[in-house]
Amino acid sequence: MQLSEMPEPLAADIGANVLARLRQMHLEALPRNYEVVYEALSGANPALVEAIAAIGQTPGQDAFDRMAERCLGRGRGDRIIETAHASMSLKLDEILLLLRSERSSREKYGEILDVTSQGLRARSTVSQDFLQKVANVMSSATDTALDSTRRVASTMQDKSSELEAVKAELEEYKKLSETDALTGLANRRAFDRAMEGIYVDRREAMFGALVLADIDRFKPVNDKHGHPIGDRILQIVASVFKASMSTNVTAARTGGEEFGVIVTGMSEKAVMDLAEEIRATVEQTPFVNAKTGTDYGPITVSFGVCMASEAKGPDELYRKADRALYASKNGGRNRVTTHSDLKDGKFTKGWKLYSSN
């Protein structure tokens, strides 16, 4: 029976049905597999049901993972984490077994030394023949111990290299999990983490700043020309932000058409100049379809700037930068406004979306 032909399960039985379906497909009950089939059986995603049916009754793990990543936009990270966890557990078990073996070898070598020493002390006189036998035993035991040590050292080096490969894979996943897939900028999760770090060192915070930016009138352009064009516009604007990045400038896509730039070690004037440079570059960038000649512009961006020294923490910093951005929008758009130029007023939205992570 195909997944698409299965009756909708009762809520109380869905867990058992998920496991039964995984067994039918010859798939392990991995968390990522369970999640995908659960979503399909719950009836919340008809397209996913069709996609699972299309890959056949026994698709294999690789085909199933590719389908899940294509339909749900996730899966690679789960695979990396699960594979890394399993690999590290296996390597550590192998290392522990190796160390136990080496310990046993050392203990046996020690026993041989002890017995030999006791035998020598027990004899008042020893012959050359006896000493030769003792020397042969000790030589053999020493060679065995040295061979064991060399094998352990070689194997440990191999295991170390394998663990380094797992570490590199996890570093790749960390980078992937903190990157916006569409624009290549840092994503909201990475932005939130960077925001938390602004006030770790209060002295550095004196020359830190937050710049918030929003593409002007983006929704009408997106609605008129379609999401593929909207995505392309986002990518072009993001490339301008990306060009401004350096060791003390972190740019992120924080929402649909919203961007955030966290700056360290710069004066307010320098931050203003940076925002103005990005604004002017976007304004001067052509947004024209080379094939059709369709002009999607003008595309402009509004900015709000607040220095970290003007706020007590990340939440207040975000609110003040957002208020400055709001002032830029109200003032005619396509401009940069600093919070220091504004009077006190009502704050708006908060900054942190991943407070539970």
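Residues numbered from 1 in each chain as written. Predicted model: local features only at pLDDT ≥ 70, side-chain atom pairs only at ≥ 80, totals over all residues. Heavy atoms only, no water.

Things to note about the overall build of the chain
Stage number 1. Secondary structure summary: the chain contains twelve helices and five strands in total.
Stage number 2. Burial statistics for the chain: of 357 residues in total, 37% are counted as buried.
Stage number 3. The long-range share in the chain, meaning contacts at least 24 apart out of those at least 6 apart in sequence, stands at 67%.
Stage number 4. Carbon and sulfur atoms form 53% of the exposed surface of the chain, whose accessible area is close to 20,600 Å². (Helix = DSSP H or I, 4+ residues; strand = E, 2+ residues; numbered from the N terminus. Buried < 20%, exposed > 50% of the residue type's maximum accessible area, 1.4 Å probe, protein only. Contact = heavy atoms within 4.5 Å. Areas by Shrake-Rupley, 256 points an atom, 1.4 Å probe, with all protein chains shown as cover.)

Focus on unusual backbone geometry
Stage number 1. Between Gly297 and Pro298 the backbone carries a cis peptide bond, its omega angle lying at 0°.
Stage number 2. You can see Pro298 is positioned in the loop between α11 (268–284) and β4 (301–307).
Stage number 3. Positive phi is not limited to glycine here, since Arg217 has a value of about 50°.
Stage number 4. Within the fold, Arg217 resides in the loop between β1 (209–215) and α9 (218–225).
Stage number 5. The phi angle at Asn334 is positive, at roughly 55°, despite the residue not being glycine.
Stage number 6. Along the chain, Asn334 turns up in the loop between α12 (314–330) and β5 (336–338).

Looking at the packing of aromatic side chains
Stage number 1. On inspection of all chains with the given rule, the structure shows four aromatic pairs.
Stage number 2. Ring centres 6.5 Å apart and planes at 70° place the aromatic pair Phe191 and Tyr318 in the edge-to-face group. One end of the pair, Phe191, is in helix α7 (residues 188–197); the other, Tyr318, is in helix α12, with 127 residues separating them in the sequence. Each member of the pair, Phe191 as well as Tyr318, carries the same accessibility label: buried.
Stage number 3. Ring geometry for Phe241 against Phe259: centres 4.8 Å apart, planes inclined by 15°, an arrangement best described as stacked. (Phe/Tyr/Trp six-rings, centres within 6.5 Å; stacked < 30°, edge-to-face > 60°.)

Quick word on the pairing of strand β3 (residues 258–263)
Stage number 1. Of all six residues that make up β3, five are buried, and the element is covered over most of its length.
Stage number 2. Looking at chain direction, β1 and β3 are connected through six bridges and run antiparallel. Considered in β3, the bridge of Val211 is made with Val261.
Stage number 3. Sheet analysis places strand β2 (residues 249–253) next to β3, joined by five bridges and oriented antiparallel. In the strand pairing of β3, Ala251 is matched with Val261.
Stage number 4. The hairpin formed by β2 and β3 contains four residues between the paired strands. (Pairing = 2+ DSSP bridges.)

What to know about the packing of helix α1 (residues 14–24) against helix α2 (residues 31–41)
Stage number 1. Across the interface, α1 lies against α2 with an axial gap of 9 Å and an inter-helix angle of 115°. In terms of crossing hand, the pair formed by α1 and α2 is right-handed. In this structure, α1 uses Ile14, Gly15, Asn17, Val18, Leu19, Arg21 and Leu22 to contact α2, whose residues at the interface are Asn33, Tyr34, Val37, Tyr38 and Leu41.
Stage number 2. Considering only residue class, the contact of α1 with α2 consists of eight nonpolar, three polar and one charged. (Axes fitted to C-alpha atoms, helices over the stretch in contact; angles between N-to-C directions. Left-handed = near helix turned anticlockwise from the far one by under 90°. Nonpolar A, V, L, I, M, F, W, Y, C, P; charged D, E, K, R; others polar.)

Section: the pattern of salt bridges
Stage number 1. Scanning all chains against the criterion turns up eleven salt bridges.
Stage number 2. Residue Arg279 pairs with Glu276 through a salt bridge whose shortest N-O separation is 2.5 Å. Taken together, the residues Arg279 and Glu276, both in helix α11 and three residues apart, mark about one turn of the helix.
Stage number 3. Connected via shared salt-bridge partners are Asp214, Asp216 and Lys329. (Salt bridge = Lys/Arg side-chain N within 4 Å of Asp/Glu carboxyl O.)

Brief notes about the sheet that holds β2
Stage number 1. Spatial ordering of the open sheet is given by β2-β3-β1-β4-β5, a layout of five strands whose pairing is mixed. Each edge of the open sheet is held by one strand with a lone partner, namely β2 and β5. Strand after strand, the sheet turns through a mean of 20° between neighbouring axes, direction not considered.
Stage number 2. Pairing analysis gives seven bridges linking β1 to β4, with the strands arranged antiparallel. By the bridge assignment for β4, Ile215 is matched with Val301.
Stage number 3. Sitting on the sheet, α12 is in contact with β1, β4 and β5, with an inclination near 145° to β4.

Overview of the nonpolar core
Stage number 1. Residues Ile233, Val237, Phe241, Phe259 and Phe303 are the most contacted members of the largest nonpolar core, which totals 34 residues.
Stage number 2. Looking at this core, the elements with two or more residues in it are β1, α9, α10 (227–243), β2, β3, α11 and β4.
Stage number 3. A total of eight residues in this core trace back to one element, the largest contributor, which is α10. (Core = buried A, V, L, I, M, F, W, Y, C linked by side-chain atoms within 4.5 Å.)

Thoughts on the confidence of the model for the chain
Stage number 1. Averaged over the chain, the pLDDT score is 79; the fraction of residues at 70 or greater is 65%.
Stage number 2. Confidence drops under pLDDT 50 across residues 1–12; counting only partners more than four residues distant or on other chains, this segment forms 21 contacts.
Stage number 3. Across residues 353–357, confidence stays below pLDDT 50; counting only partners more than four residues off in sequence or on other chains, it has six contacts. (pLDDT = per-residue confidence, 0-100.)

A closer look at the environment of Asn17
Stage number 1. Tracing the backbone shows Asn17 in helix α1.
Stage number 2. According to the relative accessible area criterion, Asn17 is partly exposed, its value standing at 24%.
Stage number 3. On a C-alpha basis, the gap between Asn17 and Tyr38 in space is 8.6 Å, while along the polypeptide they are 21 residues apart.

Re helix α3 (residues 46–54)
Stage number 1. Residues of α3 that are buried include every one of Leu48, Val49, Ala51 and Ile52, and no others. The buried residues of α3 occupy an angular sector of 165° when the element is viewed end-on, so they sit on one face. Opposite the packed face of α3, turned more than 90 degrees from it, sit the exposed residues Pro46, Glu50 and Ala54.
Stage number 2. Phi for Gly56, located one or two positions after α3, is positive at around 95°. (Arc of directions from axis to C-beta.)

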